[in-house]
Every structure is written in C-alpha cells, then in structure tokens.
Amino acid sequence: MLITIEGIDGSGKSTLVAGLERALADLSPLITREPGATWVGEAVRRSIAENTDPITECLLFVADHAAHLAHVVRPALEAGRIVISDRYSDSRYAYQGVTLDGLFPDPVGWLRRIHEPFTISPDLTFLCVLPVDEAETRLKTHREHFENGCVLEQVQRNYLSFAEAEPGRFVLVDAMLPAPDVCGFVADEIRRRVCD
Ligand SMILES: Nc1ncnc2c1ncn2[C@@H]1O[C@H](COP(=O)(O)OP(=O)(O)OP(=O)(O)O)[C@@H](O)[C@H]1O
Ligand SMILES: Cc1cn([C@H]2C[C@H](O)[C@@H](COP(=O)(O)O)O2)c(=O)[nH]c1=O
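Keep in mind the model is a prediction, meaning the values are calculated, not measured.

Undergrad: Looking at this structure, I do not really get the overall build of the chain. What am I missing?
TA: Secondary structure assignment for the chain yields eight helices and five strands. Mapped from its N terminus to its C terminus, the chain presents α and β elements in the order β-α-β-α-α-β-α-α-β-α-α-β-α. For 196 residues, the compact-globule estimate of 2.2 N^0.38 gives 16 Å, and the C-alpha radius of gyration of the chain, at 16 Å, lies within 12% of that figure. For the C-alpha atoms alone, the extent of the chain along its principal axes is close to 45 × 35 × 30 Å. Taking all 196 residues of the chain together, 47% fall into the buried category. Partitioning the intrachain contacts of the chain with sequence separation of at least 6 by distance along the chain shows that 78% fall at a separation of at least 24. For the chain, the accessible surface area stands at approximately 9300 Å², while carbon and sulfur atoms represent 55% of it. In the chain, the 19 positive side-chain charges and the 30 negative ones have mean positions that sit 2 Å from each other.

Undergrad: What is the right way to read the site of ligand 2 from this model?
TA: If you check the shell around ligand 2, you find 14 residues, and the closest are D9, R33, R87, R92 and Q96. The separation between an oxygen atom of ligand 2 and a polar side-chain atom of R87 is 2.8 Å. Within the contact set of ligand 2, a nitrogen atom lies 2.7 Å away from a side-chain nitrogen or oxygen of Q96. Burial of ligand 2 by the protein chains amounts to 93% of its free accessible area of 470 Å². For the shell around ligand 2, the elements supplying multiple residues, two or more each, are α2 (40–49) and α4 (89–99). Residue classes in the shell around ligand 2 are distributed as five nonpolar, two polar and seven charged.

Undergrad: Even after reading the chapter, I still don't get the pattern of salt bridges, so can you show me in this structure?
TA: Pairing between side chains becomes possible if they bear opposite charge and their charged atoms approach one another. Considering all chains together, one arrives at 10 salt bridges under this definition. Here D26 and R191 are joined by a salt bridge, their closest N and O atoms 2.8 Å apart. Of this pair, D26 sits in the loop between α1 (13–23) and β2 (30–33) while R191 sits in helix α8 (residues 179–195), and the two are 165 residues apart along the sequence. Look at D26 and you get exposed, because its relative accessible area is 56%. With a closest N to O distance of 3.0 Å, R138 and E134 form a salt bridge. One end of the pair is R138 and the other is E134, both in helix α6 (residues 132–139) and four residues apart, which spans about a single turn. Its relative accessible area of 26% is what places E134 among the partly exposed residues. Through salt bridges with shared partners, a single network forms among D90, E166 and R169.

Undergrad: Got a minute to help me understand the site of ligand 1 in this structure?
TA: Taken together, 16 residues form the shell around ligand 1, and within it G10, K13, S14, T15 and L177 come nearest. Here D9 contributes a side-chain N or O atom positioned 3.4 Å from an oxygen atom of ligand 1. Across the complex, the protein chains shield 66% of the 630 Å² of accessible surface that ligand 1 would expose by itself. Within the residue set of the shell around ligand 1, elements represented by two or more residues are α1 and α6. Counting residues per element, the shell around ligand 1 draws most heavily on α1, at three residues. A per-class count over the shell around ligand 1 returns six nonpolar, five polar and five charged.

Undergrad: Help me out: how do you make sense of the side chain of T125 in this one?
TA: Mapped onto the fold, T125 is located in strand β4 (residues 124–129). A polar contact is formed between the side chain of T125 and the side chain of R169, at a distance of 2.7 Å. The residues contacting T125, other than those within four sequence positions of it, are T4, E6, D90, R169, F170 and V171.

Undergrad: I'm lost on a nonpolar patch on the surface in this one. Help?
TA: Nonpolar side chains collect at one region of the surface, where I55, L59 and L103 lie side by side and expose about 250 Å² of accessible area between them. By the element assignment, I55 lies in helix α3 (residues 54–78).

Undergrad: I tried to follow the packing of α2 against α3 on my own but got confused; where do I start?
TA: Helices that pack against each other are described as a pair by the angle of their axes relative to one another and the distance between those axes. Where α2 contacts α3, the axes come no closer than 9 Å and their chain directions differ by 160°. Between α2 and α3, the interaxial angle falls into the category roughly antiparallel. Read as a crossing pair, α2 and α3 show a hand that is left-handed. The segment α2 lies against α3, with V40, G41, A43, V44, S47 and I48 engaging E57, L60, F61, A63, D64 and A67.

What counts and how
- Residues numbered from 1 in each chain as written.
- Chains lettered and ligands numbered in written order.
- Predicted model: local features only at pLDDT ≥ 70, side-chain atom pairs only at ≥ 80, totals over all residues.
- Heavy atoms only, no water.
- Helix = DSSP H or I, 4+ residues; strand = E, 2+ residues; numbered from the N terminus.
- Rg over C-alpha atoms; globule rule 2.2 N^0.38 Å.
- Buried < 20%, exposed > 50% of the residue type's maximum accessible area, 1.4 Å probe, protein only.
- Contact = heavy atoms within 4.5 Å.
- Areas by Shrake-Rupley, 256 points an atom, 1.4 Å probe, with all protein chains shown as cover.
- Lys, Arg positive; Asp, Glu negative; His and termini not counted.
- Charge placed at Lys NZ, Arg CZ, Asp CG, Glu CD.
- Near = heavy atom within 4 Å.
- Polar contact = N/O pair within 3.5 Å; in protein donor to acceptor, adjacent residues only side chain to side chain.
- Nonpolar A, V, L, I, M, F, W, Y, C, P; charged D, E, K, R; others polar.
- Salt bridge = Lys/Arg side-chain N within 4 Å of Asp/Glu carboxyl O.
- Patch = residues over 30% accessible without salt bridge, like charges linked within 9 Å, V, L, I, M, F, W, Y side chains within 5 Å.
- Axes fitted to C-alpha atoms, helices over the stretch in contact; angles between N-to-C directions.
- Parallel < 35°, antiparallel > 145°, perpendicular 65-115°, else oblique.
- Left-handed = near helix turned anticlockwise from the far one by under 90°.

Spelled out as structure tokens, the structure:
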C-alpha cells in the first residue's frame, strides 16, 4: 500500500510522518520522502537554493521521483511493505503547476502526462490543510522560494482541486489541530484502510 502525505510548506507533514513512524511501528512501514530519498535529491536541493529556471527545476523534481520509484518505492511495495512518503507526485502537480504557469498551456495536464507512463499512483493521500498565514508563522526562519504566501495560496488551491476531483484517494486533514491529534487521526485512518 502506497500512502502519501501532502500539503503546503509548514503544514506539519514532517511532524506527522515522524509521529506515524512511532504510532504505526507494529506495521513496519517504510518511511520515505521527496525530494531527497536518493542522490538526485541533492541536485534538486541545489536547484532550489540557486533559484534555477522553473523548467530545469521541474525536470530535476521529476528525475528525483523516477529515482525514488526505482530504488525505494517499487522495491518496498514489491516486498509487501506499507510505504509512507512525505511528498510525492501531487507535490509536482500542485507546485510546478504554479511555477510553470504562463510558460506554456496547461502545465498540470503536461505534468500528469509525463508521470503517467512510469509512476505508481498512491492508494491513499492525506492532505494537510492549513491557512497560509498560519503556515508562514510556523515556518518563521528558513524560507525557500516556494515559501511565499502568494505561491502557497495557489499551491493550496491546486491541492484542494485535486482532492475534490479524487475524493476516494484524498483524505483532508485539519492541520490546525494539535500535532498528536493530527497523528492520531491519520494513524487510525491508515489502520482502518489496512484492515479493510
Ligand atoms: N499540529 C501542529 N500544531 C502546531 N505546530 C505544528 C504542528 N505540526 C507541526 N508544527 C510545527 O510547525 C513547523 C513546521 O512543521 P513541519 O516541518 O512538520 O512542516 P512541513 O509541512 O514538513 O514543512 P516543509 O514542507 O516546509 O518541510 C515546525 O516548527 C513544527 O514543530
Ligand atoms: C517534491 C516537491 C517539492 N517541491 C517543493 C516544496 C518545498 O518548498 C520544497 C522542498 O520540500 P520540503 O518538503 O520542504 O523538504 O520543494 C516542489 O516544488 N515540487 C515537488 O515535486
């Protein structure tokens, strides 16, 4: 089973994933992330730090996804593991849907088409939803160029439209709740789906 955790920067994904690793220890899930589960993630981090042009950056994120699938996600799923990924393909559709906007028509459609031949769709996606001003307050210090209120508003709008289009896959998470409650809600939902 492939489970993904999505949401804007500062919405509590990493905190949630750390909590799930403890709460679901008996299920031995493989915990992973994008970008950064393979060496390609280092190139992605460099492109973010250097404010590379949006197409180069996007293709590096896609390369990171391909390497993540080949070397981490696919082998774990084939071994029967539950995989929980902090960000996955929906991050591309939501963020690069914004950064590529205006460069050519329908960037989200293009992103979906280039993923479709090789990606594995998640079985379940938890979308952490948080007002952008609260996310900005939580981020406080280090900011990447995506961590700009205006960009994050558009990214969150994209995410919510994806959730509306695929209600069977997406579960909305109220990220304003205290961290232990967020984790408890998601862990219960995962256990319920695993037992179904
Ligand atoms: N439910 C919560 N309530 C209040 N603060 C929280 C909650 N969850 C996380 N935080 C705090 O908010 C900040 C951002 O959380 P976290 O790093 O988990 O977000 P993230 O979505 O992984 O961010 P990014 O995408 O930028 O890596 C951290 O300081 C964390 O301690
Ligand atoms: C996977 C992915 C990520 N991003 C953006 C989102 C964040 O601002 C940064 C780094 O992610 P982190 O969770 O804060 O470590 O990259 C993106 O634009 N597109 C993607 O596909």
